[in-house]
Amino acid sequence: MARRKKEPANVHRQRIADAARVLFEDKGIENTTMDDIASKAGYGKATLYVYFKNKEQVVSYLVLEGMSEIYKLIIRDTPELNGQPFRKKYDTVCNILVEYSRQYPLNFSLLQDNINVDFDNDTFLPEEKETFVIGEKINECLASMLKEAMDRKEIRQNDDIFTAAFTLWLSIAGIISASGKKKEYIEKVTGEKVDMFINKAFDFLYHSLL
């Protein structure tokens, strides 16, 4: 324990969140207790509460973690495609979300849930506001991509950039999420692997923008 006390708070929080993610994926969020998380992470329960005041905050941390990582990947990979056709940027964003959903399925699924946007009082968690800010940055990235493509007449004009960008995000994430839940059905009906269906769905979505 002496070694841990010397580590920064973010190290402890990440260790606890990683343990919680494993438990949430195995037992479900509702069936996991703070005692379970403390035991899995190797902390006493009292110490656990130093870093997270309740299970809701642990979940919020995982949501923020997912949103932040996706944002980092988008701003890392898409600027290299400046001046390239919109299709390349679109495919890059799709691939980022697919790969993240496979590496961190729980985090990705949590991103599909409602995100708090009420920050007019002191009842919100700090992770919730950070998640909102990062989400806005992602939407701005997508909006910029779409605006550039519209200016270059690669896709049809739409003056409501927010709706266009957020719909694109919802559509890509929705295809991935729904395909995972309907994997057996898709493969039975199409006779193809679900990955093939996802790629076809992305292609269909792309052509709807033209």
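Residues numbered from 1 in each chain as written. Predicted model: local features only at pLDDT ≥ 70, side-chain atom pairs only at ≥ 80, totals over all residues. Heavy atoms only, no water.

1. Considerations on the packing of aromatic side chains
What counts here: Aromatic pairing here means that ring centres of Phe, Tyr or Trp (its six-membered ring) are within 6.5 Å. Orientation follows from the plane angle: under 30 degrees is stacked, over 60 is edge-to-face, and everything else is tilted. Burial here depends on accessible area, computed with a 1.4 Å probe over protein chains only, as a share of the maximum for the residue type. Under 20% is buried, over 50% is exposed, and the range in between is partly exposed. Geometrically, a charge over a ring is one whose NZ (Lys) or CZ (Arg) sits within 6 Å of the ring centre while staying within 35 degrees of the ring normal.
Taken as a whole and judged by the stated rule, the model has eight aromatic pairs. The interplanar angle of 40 degrees and the centroid separation of 5.1 Å between the aromatic rings of tyrosine 100 and tyrosine 104 together place this pair among those described as tilted. A residue is classified by how much of its surface remains accessible, and tyrosine 104, at 26% relative accessible area, is partly exposed. When the centroid spacing of 5.1 Å and the interplanar angle of 75 degrees are considered together, the rings of phenylalanine 119 and phenylalanine 124 count as edge-to-face. The ring of tyrosine 206 carries arginine 87 above its face, with NZ or CZ at 4.2 Å from the centroid.

2. Looking at empty space enclosed by the protein
Using a probe with the size of a water molecule, rolled over the atoms, empty space left in the structure can be pinpointed. To keep it simple, the criterion reads: Detection works on a 1 Å grid of protein atoms alone, calling trapped sets that fit a 1.4 Å probe cavities and calling open sets with protein on both sides within 12 Å along at least five of seven lines pockets, with lining residues defined by an atom within 4 Å of a point. Grid points are joined across faces, edges and corners, and a volume is the space filled by probe spheres set on the points. Secondary structure is summarised from DSSP: a helix means a run of H or I of at least four residues, a strand means a run of E of at least two, and numbering begins at the N terminus for each. Under the convention adopted here, Pro, Cys and the residues Ala, Val, Leu, Ile, Met, Phe, Trp and Tyr are nonpolar, Asp, Glu, Lys and Arg are charged, and Gly plus all remaining residues are polar.
Inspection of every chain in the model, using the stated rule, returns one cavity of 30 Å³ or more. Taken as a whole, the largest cavity encloses approximately 40 Å³ of empty space. Lining the largest cavity are Gln84, Phe86, Lys89, Met145, Glu148, Ala149, Arg152 and Glu154. Counting only elements with at least two residues in the lining of the largest cavity, the list comes to helix H6 (86-103) and helix H8 (126-151). The element contributing the most residues to the lining of the largest cavity is H8, with three residues. Class assignment of the residues belonging to the lining of the largest cavity gives a composition of three nonpolar, one polar and four charged.

3. So, the nonpolar core
Quick note on the threshold: In these notes, a set of buried Ala, Val, Leu, Ile, Met, Phe, Trp, Tyr and Cys residues joined through side-chain atoms within 4.5 Å is what counts as a nonpolar core. Throughout, a residue-residue contact means that at least one pair of heavy atoms, one from each residue, lies within 4.5 Å.
In this structure, Phe86, Tyr90, Ile138, Ile172 and Phe202 are the most contacted members of the largest nonpolar core, which totals 64 residues. Take this core: its biggest share by element is eleven residues, from helix H5 (residues 55-77). Apart from residues no more than four positions distant in its own chain, tyrosine 90 is found in contact with Met145, Leu168, Ile172, Phe202, Leu205 and Tyr206.

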